[in-house]
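Structural description and commentary
Here are the chains, one letter per residue:
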Amino acid sequence: MPVPFGSPGAAETYEFDVVVVGGGIAGLSTALSVHENGGRPVLVEKAPRPERGGNTRFADAQMRFPHEKDEFSVRDYTADDMFRDLMRISSGRANEDLIRTLCDNARQTADWLTDFGLEWEPGYPHTAGYRRSPKSGGQGLVDLLFRRLEGFGVTCTYETAAQDLLVDPDGSVRGIRARGPEGIVDLLGRGGVVLACGGFQANVEMRVRYLGRFADSLILRGSRYNTGDGLNMAIVAGAAPAGQWGDYHSAVLDARSPKVECGVTALYNYQMGVFIDRNGRRFIDEGEDFRDHTYVKFSKRIIETAPGGTAWCVFDQQAYQREEFARAWRPVGPPYQADTLKDLADQMEIPAENFMDTIGDFNAAIQPGHYDLDRMDGKRTVGLAPNKSNWALPLSEPPYIAIPVTGGITFTFGGLKCDTSARVIDTRGQVMPGLYAAGEPMGEIFYNNYPGASSVIRGAVYGKIAGAHAAERAKG
Ligand SMILES: Cc1cc2nc3c(=O)[nH]c(=O)nc-3n(C[C@H](O)[C@H](O)[C@H](O)COP(=O)(O)OP(=O)(O)OC[C@H]3O[C@@H](n4cnc5c(N)ncnc54)[C@H](O)[C@@H]3O)c2cc1C
């Protein structure tokens, strides 16, 4: 239950303008925005200081946002392009108003981060250039924004976990009750509370409850601290759950990745090769769409449908020798390698006959055409089940290489119902005064699949919006 505002039980009470829960990109953007708009925020972080930064610090933190054609990109990318991509990848299910606000604000928010000193470089290859990567990755992004906050004198508390919302008799949210180094403390915010404390991906009980039994053993790619606290706190106080609670973000990972906080151990170049299951068979159209629009759903297909939840990604030297190949994968160990398909199959411990038949059939089914990874080149196979619809080259140049792959969990899609000012909506459909959500706790953004490089920018955009709104509210 939410704690009635003014209840006894806290060792200390501290007052601020806005309480920001969570120190990833969404919380940092919120706190900076509160400060910029004349408010005094407190940033409350559950992790110890050296582990601050949430999922954001484990990420490359690549962001998609509108920009003109330049040396990094093959064409202009407009807010309308971004809107169309995000809506298409959610099969039209995402909340159009939230997506429109995200796309319309993405560029100016990226520029705002640049003004804090963020430097950019191109993102992964073959994404039409709309991805930009902070030069220093997610860790550098987090470090930079914390440095700015600390420079402004903003209070940041660590090892402090928000547990409950403090709610007034009129229903407005006045602060949080938290468990920290001083024991139980109340942190009050005149403008309200912004929940920027992640999804429930690190909470095994919630994973199984909402995603299914298989989800207990998923590799956790990011922060161990995102255990759904903000979602639970808000829902018991009356917030409406929204979005796809039964789905999540994943990536095609090296199956040898550490089980917790493995960071970037993903393969983003599988479209240059083939996926092979334990029986030596292909089972996915690796060239169905650009990698940025398939990696989440393919990784879930591997974990949920391939025997044993693992598969192999196999390449030949035509792929391996490409200049950009190494930039698009981070295996945690050396690849398996052999001069013949038979030897590779033996190392992979899969039926060699099946594997050799599969590759033989695949090579024979490839149609003529121009191979071009920067567009859907239509260089395909025919007559296979499944076919490869684009980027089909024969696997014919040894040595052949293979990496064991599986899925994992990055963040969850289920969240809270919010409006375009990041205000949380209750189950009556009305704004909960003083309660905001930004980043992963905001629902209705992602469904079924995921458009690459959208989550960090989502956190930045809605953190900035939430911070500005809550700072104004504090003045009122
Ligand atoms: C390996 C990896 C690679 C990724 N690559 C990309 C990419 O290139 N581009 C992209 O867009 N996205 C990427 N993502 C996803 C993206 O990083 C995250 O979804 C995004 O950064 C989330 O930001 P956030 O601020 O919402 O949450 P987080 O960054 O996770 O921050 C949440 C914070 O809340 C804190 N917290 C949790 N509970 C409490 C509590 N009760 N009280 C106080 N604090 C609490 C946590 O400790 C954490 O610091 C990647 C993720 C991973 C793990």
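1. Side note on the domain arrangement of the protein chain
- On domain assignment, one finds that the protein chain holds domain 1 (3-247 + 414-475) and domain 2 (253-406).
- Taking the mean C-alpha position of each, domain 1 and domain 2 sit 34 Å from one another.
- If you look at the interface, domain 1 gives 30 residues, while domain 2 gives 31 residues.
- Both faces combined, the contact of domain 1 with domain 2 buries some 2,700 Å², and carbon together with sulfur accounts for 50% of it.
- Together, His126, Ile219 and Arg221 form the three largest contributors to the area buried by domain 1 at its contact with domain 2, with a combined 30%.
- Summed over the shared surface of domain 1 and domain 2, the result is 14 residue pairs in polar contact (both at pLDDT 80 or more).

2. Brief notes about the pattern of salt bridges
- Throughout the structure, instances matching the rule amount to 33 salt bridges.
- Residue Arg330 is joined to Asp60 by a salt bridge in which the shortest nitrogen-to-oxygen separation is 3.1 Å. With Arg330 in the loop between helix H9 (317-320) and strand E16 (336-338) and Asp60 in the loop between helix H2 (54-58) and strand E4 (63-64), this residue pair connects regions lying 270 residues apart in the sequence.
- Using a relative accessible area of 35% as the deciding quantity, one classes Arg330 as partly exposed.
- Where Asp292 meets Arg291, a salt bridge forms, and the shortest distance between an N and an O atom there is 3.8 Å.

3. Here we look at unusual backbone geometry
- Here the residue pair Ala385 and Pro386 is connected by a cis peptide bond, since its omega of 0 degrees sits within 30 degrees of zero.
- Each neighbour pair has its own omega, and for Pro398 with Pro399 the value is 0 degrees, a cis peptide bond.
- Here Pro399 is to be found in the loop between helix H11 (352-364) and strand E17 (400-406).
- Phi at Glu261 takes a positive value of approximately 55 degrees, unusual for a residue other than glycine.
- The residue Glu261 is located in the loop between strand E13 (253-254) and strand E14 (274-276) in this model.
- Accessibility expressed as a relative area gives 16% for Glu261, which makes it buried.

4. Section: the packing of helix H3 (residues 79-89) against helix H4 (residues 96-115)
- For the pair H3 and H4, interaxial distance at closest approach is 9 Å and the crossing angle is 145 degrees. Relative to H4, the crossing made by H3 is right-handed. Of the residues in H4, those in contact with Ala79, Asp80, Met82, Phe83, Leu86 and Met87 of H3 are Glu96, Ile99, Arg100, Leu102, Cys103, Asp104 and Ala106.
- Among the residues making up the contact of H3 with H4, the classes are represented as 9 nonpolar, no polar and 4 charged.

5. Remarks on empty space enclosed by the protein
- Taken as a whole, this structure holds 2 cavities of 30 Å³ or more when the rule is applied.
- Of the volumes computed, that of the second largest cavity is approximately 60 Å³.
- Lining the second largest cavity, in full, are Met272, Gly273, Val274, Asp316, Gln318, Ala319, Phe362, Lys388, Leu393, Pro394 and Leu395.
- When grouped by side-chain class, the residues that make up the lining of the second largest cavity number 7 nonpolar, 2 polar and 2 charged.

6. Let's talk about the site of the ligand
- With respect to spatial proximity, 39 residues lie near the ligand, and among them Glu45, Thr56, Asn226, Glu440 and Ser455 are the closest.
- The contact in question runs from an oxygen atom of the ligand to an N or O atom on the backbone of Gly54, over 3.1 Å.
- Here an oxygen atom of the ligand sits 2.8 Å away from a polar atom, N or O, in the main chain of Val456.
- About the coverage of the ligand: the protein hides 98% of its 1,000 Å² of free accessible area.
- Elements with a minimum of two residues in the shell around the ligand: helix H1 (25-36), H2, strand E8 (161-167) and helix H12 (455-475).
- When residues of the shell around the ligand are assigned to their parent elements, the largest contribution, 4 residues, is made by H2.
- Considered class by class, the residues forming the shell around the ligand number 17 nonpolar, 17 polar and 5 charged.

The rules behind these values
- One numbering rule holds for all chains: residues counted from 1, following each sequence as written.
- Selection of residues for local features in this predicted model requires a pLDDT of at least 70, selection of side-chain atom pairs for listing and counting requires 80 or more, and totals for whole chains, interfaces and linings are taken over all residues.
- As a rule here, side-chain values come from all non-hydrogen atoms in the structure, and water together with hydrogens is ignored.
- Domain start and stop positions are those given by an automatic or database domain assignment.
- In this analysis, two residues are considered to be in contact whenever any of their non-hydrogen atoms come within 4.5 Å of each other.
- For any pair of parts, buried area is found by adding up, for both, the accessible area (1.4 Å probe) each one loses once the two are put together.
- Between N or O atoms, a polar contact is any pair within 3.5 Å; within protein, one atom must be a potential hydrogen donor and the other a potential acceptor, and residues adjacent in sequence are included only when both atoms are from side chains.
- Put simply, a salt bridge is a Lys or Arg side-chain nitrogen that is within 4 Å of an Asp or Glu carboxyl oxygen.
- By definition, any uninterrupted DSSP run of H or I lasting at least four residues is a helix, any uninterrupted run of E lasting at least two residues is a strand, and each is numbered from the N terminus.
- Burial status follows relative accessibility: with a 1.4 Å probe on protein chains alone, a residue under 20% of its type maximum counts as buried, one over 50% as exposed, and anything between as partly exposed.
- Only the contacting stretch of a helix is used when fitting its axis, a line to C-alpha atoms as for every element, and angles between N-to-C directions run 0 to 180 degrees.
- A crossing counts as left-handed when the near helix is turned anticlockwise from the far one by less than a right angle, and as right-handed when that turn is clockwise.
- The classification used treats Ala, Val, Leu, Ile, Met, Phe, Trp, Tyr, Cys and Pro as nonpolar, Asp, Glu, Lys and Arg as charged, and all other residues, Gly among them, as polar.
- In this analysis a 1.4 Å probe is tested at points of a 1 Å grid over the protein atoms alone, and where it fits but cannot get out there is a cavity; an open set with protein on both sides within 12 Å along at least five of seven lines is a pocket; lining residues have an atom within 4 Å of a point.
- Grid points are joined across faces, edges and corners, and a volume is the space filled by probe spheres set on the points.
- In this text, near means that some heavy atom of the residue lies within 4 Å of the molecule or strand in question.
- The Shrake-Rupley method, run with a 1.4 Å probe, gives the accessible areas here. Residue values count only the displayed protein chains as cover.

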